[in-house]
Structure formats: C-alpha cells, structure tokens
Amino acid sequence: MICQECNQRPAALHFTKIVNGEKTEVNLCEVCAQEKSEMFMFSGQSGFNFNNLLAGLLKIDPSFQKPSQSPFQQEEVLHCGHCSMTFPQFLKLGKFGCAHCYETFKDQLQPVLRRLHGGNFSHNGKIPKRIGGDLHLRKQIDELKVSLQECIQHEEFEKAAKIRDEIRSMERKLAGNVEGGK
Amino acid sequence: MSLEHFLHQAVSSWMSEEGPDSDIVLSTRIRLARNFEQYKFPTLFSHEEAKKIIAEMEQLLKTTSLQKFGPMELLKIDEMQPLQKRVLVEKHLISPHLAEDSPDGAVLLTENEEISIMINEEDHIRIQCLFPGLQLSNALQAANEIDDWLESHIQFAFDEKYGYLTSCPTNVGTGIRASVMMHLPGLILTQQMNRIIPAINQLGLVVRGIYGEGSEALGNIFQISNQITLGKSEEDICRDLMGVVSQLISQERSAREALRKTSNIQLEDRVFRSLGVLTNSRIIESKEAARCLSDVRLGIDMGYIVQMSKNILNELMILTQPGFLQQYAGGQLRPHERDIRRAALIRERLKMESEKIKGEE
Ligand SMILES: [Zn+2]
Ligand SMILES: [Zn+2]
C-alpha cells in the first residue's frame, strides 16, 4: 500500500478516521507522519499543537465526503452522554469535554494514544490511594467467595456462615468507602 | 502575605539558590495534571462549575494544610492586573494560558514560590514544583506529597486502564511533565546542538528554547521534558529524563573543556566583551542582553570571571523581561523605553556585585 500523502513511499501507519460519521482508512508513510508530528514535538503548549497533529493525521479529505448528506446523518455521530461532545468536536479542539469522553471514544482513541505515547495505551503509574484500597478489598471479597463455595460443597456450614458474615462486613466497608468518597 | 509580597519579592527560590549541578542545570520542574471527577473539564465547564472548584479549593485551604510546605496564598485571575499576571508568567509560576485564557482561573502559591497549583487551566488542577538545579527526585516527591494531600479530600478522575484522565490526551495516564532547564553554551559554540536535538526527540523527549520564538533559544537556555505520559511510571519517566540530562551535562562539560583547549583567548575575549557591554550599555535589546548574560555566566562557570554570583543569569533573564521591567518602572513602557530600562537594571545589578566585593575586602 502506498502513502496517500506523497504517493511515493509505502504506507507504514494506518489509522481509521471518522468523516461525517463514516469510518475511513488513512495510510501514511513514516516520513509524512513524522513531518505532521514535528510541529507538535517542538512546541510547548500541548493543546494547540495537538490540534495540528490531529488535523494533520486525520485531515479531512474532500473526496471522502459524501456528495449529499442525509438529514438523519447527525444522529449517527457518536457523542458523549455526559458532556455531549462529538468526535469531530474533539478533533477540532484537541481536548475532551469530560472524564466520560474517554469511555465514549475509546475505539477511536486507541490509535491516537499509541501514536502520542510511544505505542503505549494503558496506565502503569500512580493509583489514587482510595481506588487502590478498594481494589484490594474487592480482591479479598472475591477470594472469600471462592472459599465460601468450597465450604458449602464440603458441607462445612458453620465455617461457611462465618465466611458469609465476613464477606458482608467487607461489602459494607466497600459501600462505606464509596459513600465516604462522595 | 499579600499580592505585593509575591510581586515585590521578585526573586523566587529557584532563581536565587544554587542546586545540584547548577553550573549547567538552572532548574527542575515537575507538573502533575489532575481533574475533579464530577465536573466537566475546563474545555466545556460552566462558570458555575468553575466557581465551585475554586470554592472547594478555598475550603480545603481553610480546613487543612500541608505544614511541610508552609502557608499558601490563593490568587484569582479575574482579580489581578494585567501586569501582575505577566510577572507571574515571566517567573514561570503560571502559564500564559492561565493568565490570558482562563478568566475562571486561580493559583495557589507557597511563600518561597517553589510550589504553585494552577486551578482551572487546561485541567482543573495542575500541581507544579519548581526547584533550583537538578533535583528530579526531590521535585517528584514534593509533587506526590501535594497530590496525596489533595487526593485525600478530592475524588480525582481516574480510570484503571487510562490512569488520571486529563482534558488533552497528550497528558493522560500519569499526567506528569518533568522538565529540566539547562544552560548549554558549550554545545552551541561547538555547533553540536543541531545534531543532539533530533537524537533526544527519538527517545520520546522534547527539547526547546524557553526564551525567544521559533528555533532560536535566547541565552542558550533549553528545556528538556518528557513527551510520553502513558504506560510508564512516574519514576521511570523521571529516570529516563535523568539519563539524557546526565549525558547532556557531560557533553556540555567536555565541550567547555575543548573550547578552553582550542580557543582559550578567544573565549576569554568573548566573555569580557560581553561583560563590558552589560556594564556599560545604555540601551540594550532582550536578544543582545540574553547573549551577553549567557557569555558572562559561562565566564563565571569556567573561572574567567571571579567573585560574581552564578545566579546572575537566571535572575536577569527573568528580571529583564517586559513585565518585570514595567513593574520596576512602575508603569507602561514602550519597547524603546524598555531597552533603556533593561540596560539600567543590568548596570545596577552588576554594580551590586562589585560593591559586594569591595565590602568583603
Ligand atoms: Zn508519504
Ligand atoms: Zn464527555
């Protein structure tokens, strides 16, 4: 496959972009993709230049646009249920509207994150203590549930009752944590 | 502690104190981006949401405090004069974006100005720790302590897969930007910088001049920072940056030694000519001032100039910017008047140095 930008070198990077709610393939060679990201790399203010990067990577090509738009087209545009941002809006601003946008646009986000973060797409750093604590508690509850099942299978009902009480108290603690957090 | 205090006490700790490797590294900064879970990002949030965030931060300051870092002052952008904001930008305490485009913004500052917390900038919260010299792990530790303190009162937007959620996906994950400000005249004089910058970019780090526009780095001052925030731990990000910075330090040191060997007298001549310009000029543009300040600082670090404080470069690069000059003049100045003021301020500052020497004798 040949790069659509220079029509010379073989395409090494493949993206999917959304134009008017329609998915389109974008294929660029290393050189053209690098050129598009250069501006962004040298800059200080990330937001503005991230726009350039996105605008470059996902440049809306008139040939991809449909000749006639159906009046129902807009309903097909994916948008965030919490802040109503659409993906084209995100591309224009280079910024999300709220924390829920990450979930809403997760399919489109994956290639963007990989490109921005050297191929990485999942967090490997600090975890808030509050969330870390809950994770720990949830894991313990899951383990207790397994041993509860085992006790029931072996008809050790006295032991099972003890474990059940323990699970209940831990679940109350978990619920308390969530409430306390809000 | 008032606004006047912040502005009149013009010199922050990162400008005046000497840190590790301060012959080459001027300062180290760690920034962490965080957002409240329940409010929309500043991209779209309402005026009411912005006010609520500031109110929550004010409440938090009233009820708790981080004793270690001392008292903090909250300054609201809409209550500040344009010149006051500009001075804070020139001191790197707030971003141009907060000063210009964030009417609902605010900043929390500690007395020594090592810590600033921007509120309602691109993200709801941006914790910044700015330390003199090369102190990546100290700055990271301080930023983490502040983050832990805030986190015990605020529920931050966090996702198990994506980490801390930020308004721009360039910051998602750790939300960290670690940067080191370096004075690299040796690498410029030996024409190595153009070769080094692309190599550093290959490693996922960004190099840029922090004063001046485009590719020109005024005062030979560069900022090296991480680009990747997702998929690596905060410690690894700092360690990778540290690796590159250590290499740059040793390359700069060998460039300086090479210059001393091959062109000792030319270098000495250059240093003292620049000192002459700074001591005697009556009109000086920022570009010329930056070049001469860089030469003089190099002269101090290489021992050509003795008995002059090293921090003169850091200090005067900041104090001779338009905002500070106007603050010093007590009003608006036209560009030509600024150049006269700049020359006067530099002469005065250098006179203080020679008086200090006389005092010691
Ligand atoms: Zn190409
Ligand atoms: Zn949203």
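Structure first, text after, so check above.
How each quantity is defined
Residues numbered from 1 in each chain as written. Chains lettered and ligands numbered in written order. Predicted model: local features only at pLDDT ≥ 70, side-chain atom pairs only at ≥ 80, totals over all residues. Heavy atoms only, no water. Salt bridge = Lys/Arg side-chain N within 4 Å of Asp/Glu carboxyl O. Helix = DSSP H or I, 4+ residues; strand = E, 2+ residues; numbered from the N terminus. Buried < 20%, exposed > 50% of the residue type's maximum accessible area, 1.4 Å probe, protein only. Core = buried A, V, L, I, M, F, W, Y, C linked by side-chain atoms within 4.5 Å. Contact = heavy atoms within 4.5 Å. Polar contact = N/O pair within 3.5 Å; in protein donor to acceptor, adjacent residues only side chain to side chain. Nonpolar A, V, L, I, M, F, W, Y, C, P; charged D, E, K, R; others polar. Donors = N, O, S within 2.8 Å, 3.2 Å for Na, K, Ca; no water. Tetrahedral: all angles 85-135°; square planar, octahedral: opposite > 155°, others 65-115°. Expected span 1.5 Å × (residues − 1). Arc of directions from axis to C-beta. Axes fitted to C-alpha atoms, helices over the stretch in contact; angles between N-to-C directions. Parallel < 35°, antiparallel > 145°, perpendicular 65-115°, else oblique. Left-handed = near helix turned anticlockwise from the far one by under 90°.

K.L.:
What is the right way to look at the pattern of salt bridges in this model?
P.N.:
Should their charged atoms come close, side chains of opposite charge can pair. All chains considered together, the criterion is met by 33 salt bridges over all chains. For Glu122(B), the salt bridge identified is with Lys95(A), shortest N-O distance 3.9 Å. Remark: Lys95(A) occurs in the loop between helix H4 (87-93) and helix H5 (101-104) and Glu122(B) occurs in the loop between strand E4 (115-119) and strand E5 (125-132); the pair is interchain, linking two chains. Accessibility expressed as a relative area gives 16% for Lys95(A), which makes it buried. Measuring nitrogen to oxygen at the nearest pair gives 3.1 Å for the salt bridge that ties Lys106(A) to Glu103(A). The exposure class of Glu103(A) is partly exposed, given its relative accessible area of 48%.

K.L.:
What's the story with the nonpolar core in this structure? I'm lost.
P.N.:
In a soluble, globular protein the nonpolar side chains are often hidden away together inside. One finds Ile30(B), Met57(B), Ile117(B), Ile146(B), Leu150(B) and Met182(B) to be the most contacted residues of the largest nonpolar core, which totals 61 residues. Judged by nonpolar contacts, the second largest core, of 38 residues, contains Leu26(B), Ile312(B), Met317(B) and Ile318(B).

K.L.:
So what exactly am I meant to see when it comes to the interface of chain A and chain B here?
P.N.:
Often, the extent of an interface is quoted as the loss of accessible area upon association of its parts. Tallying the contact residues gives 43 residues for chain A and 47 residues for chain B. Put simply, chain A and chain B have four salt bridges between them. Taking the shortest distance from any N to any O, the salt bridge between Asp147(B) and Lys126(A) comes out at 2.7 Å. For the pair chain A and chain B, the number of links is 16 residue pairs in polar contact (both at pLDDT 80 or more). Breaking the side of chain A that touches chain B down by element, the ones donating at least two residues are helix H1 (30-41), helix H2 (46-57), H4, helix H6 (106-116) and helix H7 (129-153) of chain A. When the residues that make up the side of chain A that touches chain B are grouped by side-chain class, the tally is 20 nonpolar, 16 polar and seven charged.

K.L.:
Which parts of the structure should I look at to understand the environment of Lys52(B)?
P.N.:
Position of Lys52(B) relative to the elements: it lies in helix H3 (residues 47-63). Separated by 197 residues in sequence, Lys52(B) and Ile249(B) have C-alpha atoms that sit 45 Å apart.

K.L.:
Is there a simple way to think about the coordination of the zinc ion (ligand 2) in this case?
P.N.:
Around a metal, the idealised angle for a tetrahedral arrangement of four donor atoms is 109.5 degrees; for an octahedral arrangement of six donor atoms it is 90 or 180 degrees. Residue and element names in this part refer to chain A. At this site the zinc ion (ligand 2) is bound by Cys80 (SG), Cys83 (SG), Cys98 (SG) and Cys101 (SG), with donor distances of 2.3 to 2.4 Å. Geometry at the zinc ion (ligand 2) is tetrahedral, judged from its four donor atoms and the angles of 97 to 126° they form at the metal. Along the chain, the residues donating to the zinc ion (ligand 2) fall in the pattern C-x2-C-x14-C-x2-C. Here the residue cysteine 83 occupies a position in the loop between helix H3 (73-76) and H4, and cysteine 98 occupies one in the loop between H4 and H5, the gap between them amounting to 15 residues. Exposure remark for cysteine 98: the relative accessible area of 1% places this residue in the buried category.

K.L.:
Honestly, H3(B) in this entry has me stumped. Any pointers?
P.N.:
Because the α-helix completes a turn every 3.6 residues, residues three or four places apart line up on one side. Residues and elements named next belong to chain B. With 17 residues, H3 should cover 24 Å at 1.5 Å per step; its first-to-last C-alpha distance of 25 Å lies within 8% of that length. Of all the positions in H3, only Glu49, Ala50, Ile53, Ile54, Met57 and Leu60 are classed as buried. The arc that holds the buried residues of H3, viewed along the axis, is 140°, so those residues lie on one side. Pointing more than 90 degrees away from the buried face of H3 are the exposed residues Glu48, Lys62 and Thr63.

K.L.:
Explain the packing of helix H4 (residues 82-90) of chain B against helix H12 (residues 322-329) of chain B here, please?
P.N.:
Think of two packed helices as two axes; the pair is described by the angle between the axes and how far apart they sit. Residue and element names in this part refer to chain B. Running from N to C, H4 and H12 point in directions that differ by 130°, and their axes come no closer than 8 Å. Taken as axis vectors, H4 and H12 run oblique relative to one another. For H4 against H12, the interelement crossing comes out left-handed. Contacts between H4 and H12 involve Leu83, Arg86, Val87 and Glu90 from the first element and Pro322, Gly323, Phe324, Gln326 and Gln327 from the second.

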